[in-house]
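Residues per chain, in single letters:
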Amino acid sequence: MAHRALVIALLPAIGLRALAVLGFPPAILFYGDSFAFLREELTPGTTRPSGYSLLLALLRPAHSLTLVTVLQHLLVLGLAVGLYALLRRRGLPGWGATLLVTPLLYDEFMLLLEHMIMADAVFIVLVAGAVALITWRVTPPRPRPSAGCCSAWPASPGPWGCRCSS
């Protein structure tokens, strides 16, 4: 199994999220913002992002705050898998990529944000996912043979240093 380390790290993380969903049904409501998001204020404002209210409005027909929290938990788990894939694509071994996404899987504050009716978890997933998508196709620069010559320019003999074509 090529991704054994990730699976071993994911299984307890999924169990933690299941315990959060079962232990704190349906969600944790933050006094300041959760109720404003639930009121469906879909007009753009300066205090709260209206995109999260739009997400809640799309999920409103299900009549379930548990669905919202489960979706947020799944989004963060999906982000962890996506970042793992990006790190593997960049050449890290499976254990190294798993090690780097483990804080995302087990951070207690992240778990709390996922279980609250707040825009924070969705915002984190959207921003990190956008950065991952931007960097997915970017290839790291290959070293060029002339790089060694040009980096030694100050120590080169002569008044103009090394003449190399970059």
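The written sequence of each chain sets the order in which its residues are numbered from 1. Per-residue local features of the predicted model are confined to residues with pLDDT of at least 70, and side-chain atom pairs are confined, for both listing and counting, to 80 or more; whole-chain, interface and lining totals are unaffected and use all residues. The side-chain figures draw on all heavy atoms in the structure; neither hydrogens nor water molecules are used.

### As for the overall build of the chain
Right, on to step 1. When you go through the chain residue by residue, the secondary structure sums to 8 helices and 0 strands.
Right, on to step 2. Counting from the N terminus, the helices are DSSP H or I runs at least four residues long and the strands are E runs at least two residues long. In the chain, the succession of α and β elements from N to C terminus is α-α-α-α-α-α-α-α.
Right, on to step 3. Working definition: with a 1.4 Å probe on protein chains only, accessible area under 20% of the residue-type maximum means buried, over 50% means exposed, and in between means partly exposed. When each of the 166 residues of the chain is scored for burial, the buried share is 30%.
Right, on to step 4. Residue contacts are counted whenever heavy atoms from the two residues lie within 4.5 Å of one another. For the chain, restricting intrachain contacts to residue pairs at least 6 apart in sequence, the fraction spanning at least 24 positions comes to 64%.
Right, on to step 5. Total accessible area on the chain is roughly 10700 Å²; 71% of this is exposed by carbon and sulfur atoms. Surface accessibility follows the Shrake-Rupley procedure with a 1.4 Å probe radius. Residue values consider only the protein chains on display as shielding.

### Describing the packing of helix α1 (residues 4-23) against helix α5 (residues 94-106)
Right, on to step 1. Running from amino to carboxyl end, α1 crosses α5 at an angle of 10°, the nearest separation of the two axes being 9 Å. One finds that α1 runs roughly parallel with respect to α5. Every residue of α5 that contacts α1 at Ala5, Leu6, Ala9, Leu10, Pro12, Ala13, Leu16 and Arg17 is listed here: Gly94, Trp95, Thr98, Val101, Leu104, Leu105 and Tyr106.
Right, on to step 2. Under the grouping applied here, Gly and all other residues not named as nonpolar or charged are polar, the nonpolar ones being Ala, Val, Leu, Ile, Met, Phe, Trp, Tyr, Cys and Pro and the charged ones Asp, Glu, Lys and Arg. For the contact of α1 with α5, the residue count by class is 12 nonpolar, 2 polar and 1 charged. Axes here mean lines fitted to C-alpha atoms, for a helix over just the part in contact, with angles spanning 0 to 180 degrees between N-to-C directions. What sets the label is the angle itself: under 35 degrees gives roughly parallel, over 145 gives roughly antiparallel, 65 to 115 gives roughly perpendicular, and the rest give oblique.

### Topic: the nonpolar core
Right, on to step 1. Within the largest apolar cluster, 18 residues are counted, with the highest numbers of intra-cluster contacts made by Leu104 and Leu105.
Right, on to step 2. Of all the secondary-structure elements, those providing two or more residues to this core are α1, α4 (65-89), α5, α6 (108-115) and α7 (120-136).
Right, on to step 3. Looking at this core, the element that brings in the most residues is α4, giving 6 residues.
Right, on to step 4. Non-local contacts of Leu104, meaning those with residues more than four positions away in its chain, are made with Arg17, Val76, Leu79, Ala80, Leu83 and Met110.
Right, on to step 5. Buried residues of nine kinds, namely Ala, Val, Leu, Ile, Met, Phe, Trp, Tyr and Cys, make up a nonpolar core once their side-chain atoms join them within 4.5 Å. Residues Ala27, Phe37, Leu59 and Ala119 belong to the second largest nonpolar core, which totals 9 residues.

### Observations concerning the pattern of salt bridges
A side chain of one charge can pair with a side chain of the opposite charge when the charged atoms of the two come close.
Right, on to step 1. Definition used for salt bridges: Asp or Glu carboxyl oxygen within 4 Å of a side-chain nitrogen of Lys or Arg. Applying the stated rule across the entire model yields 1 salt bridge.
Right, on to step 2. Close ionic contact of Arg17 with Glu114 constitutes a salt bridge, the shortest N to O distance being 2.9 Å. Of the two residues, Arg17 is situated in helix α1 and Glu114 in helix α6; the sequence distance between them amounts to 97 residues.
Right, on to step 3. Since its relative accessible area comes to 3%, Arg17 is described here as buried.

### A closer look at the side chain of Thr98
Right, on to step 1. As for its placement among the helices and strands, Thr98 is situated in helix α5.
Right, on to step 2. Excluding residues that lie within four positions of it along the chain, Thr98 makes contacts with Ala5, Leu6, Ala9 and Tyr84.

### Looking at α4
Right, on to step 1. Helices are assigned an expected span. That span is 1.5 Å times one less than the residue count. Compared with an ideal rise of 1.5 Å per residue, which puts 25 residues at 36 Å, α4 spans 36 Å between its outermost C-alpha atoms and is within 8% of the ideal.
Right, on to step 2. Listed as buried for α4 are Val68, Thr69, Gln72, His73, Val76, Leu77, Leu79, Ala80, Tyr84, Leu86 and Leu87.
Right, on to step 3. On its buried face, α4 is in contact with α1, α3 (50-59), α5, α6 and α7.
Right, on to step 4. Pairs of N or O atoms within 3.5 Å make up the polar contacts considered here, provided that, within protein, one atom can donate a hydrogen while the other can accept it, and that residues adjacent in sequence are counted only when both atoms are side-chain atoms. Capping the start of α4 is the job of one residue whose side-chain oxygen sits 3.3 Å from the backbone nitrogen of Thr66: Ser64.
Right, on to step 5. Looking one or two residues past α4, Gly91 carries a phi angle of roughly 105°, positive in sign.

### Re the environment of Leu67
Right, on to step 1. Note that Leu67 resides in helix α4.
Right, on to step 2. In the structure, Leu67 is positioned 46 residues away from Val21 in sequence and 9.7 Å away in space, judged by C-alpha atoms.

### Quick look at the environment of Pro93
Right, on to step 1. Within the secondary structure, Pro93 sits in the loop between α4 and α5.
Right, on to step 2. A relative accessible area of 37% places Pro93 in the partly exposed class.

### Quick look at α3
Right, on to step 1. Inspection of α3 places Tyr52, Ser53, Leu56, Ala57 and Leu59 among the buried residues, and these make up the whole buried set. Around the axis of α3, the buried residues are gathered within 165° of arc, so they sit on the same side.
Right, on to step 2. Structurally, α3 contributes buried residues whose contacts are with α2 (34-38), α4 and α7. This arc is taken over the directions from the axis of the helix to the C-beta atoms.

By themselves these figures say nothing about function.
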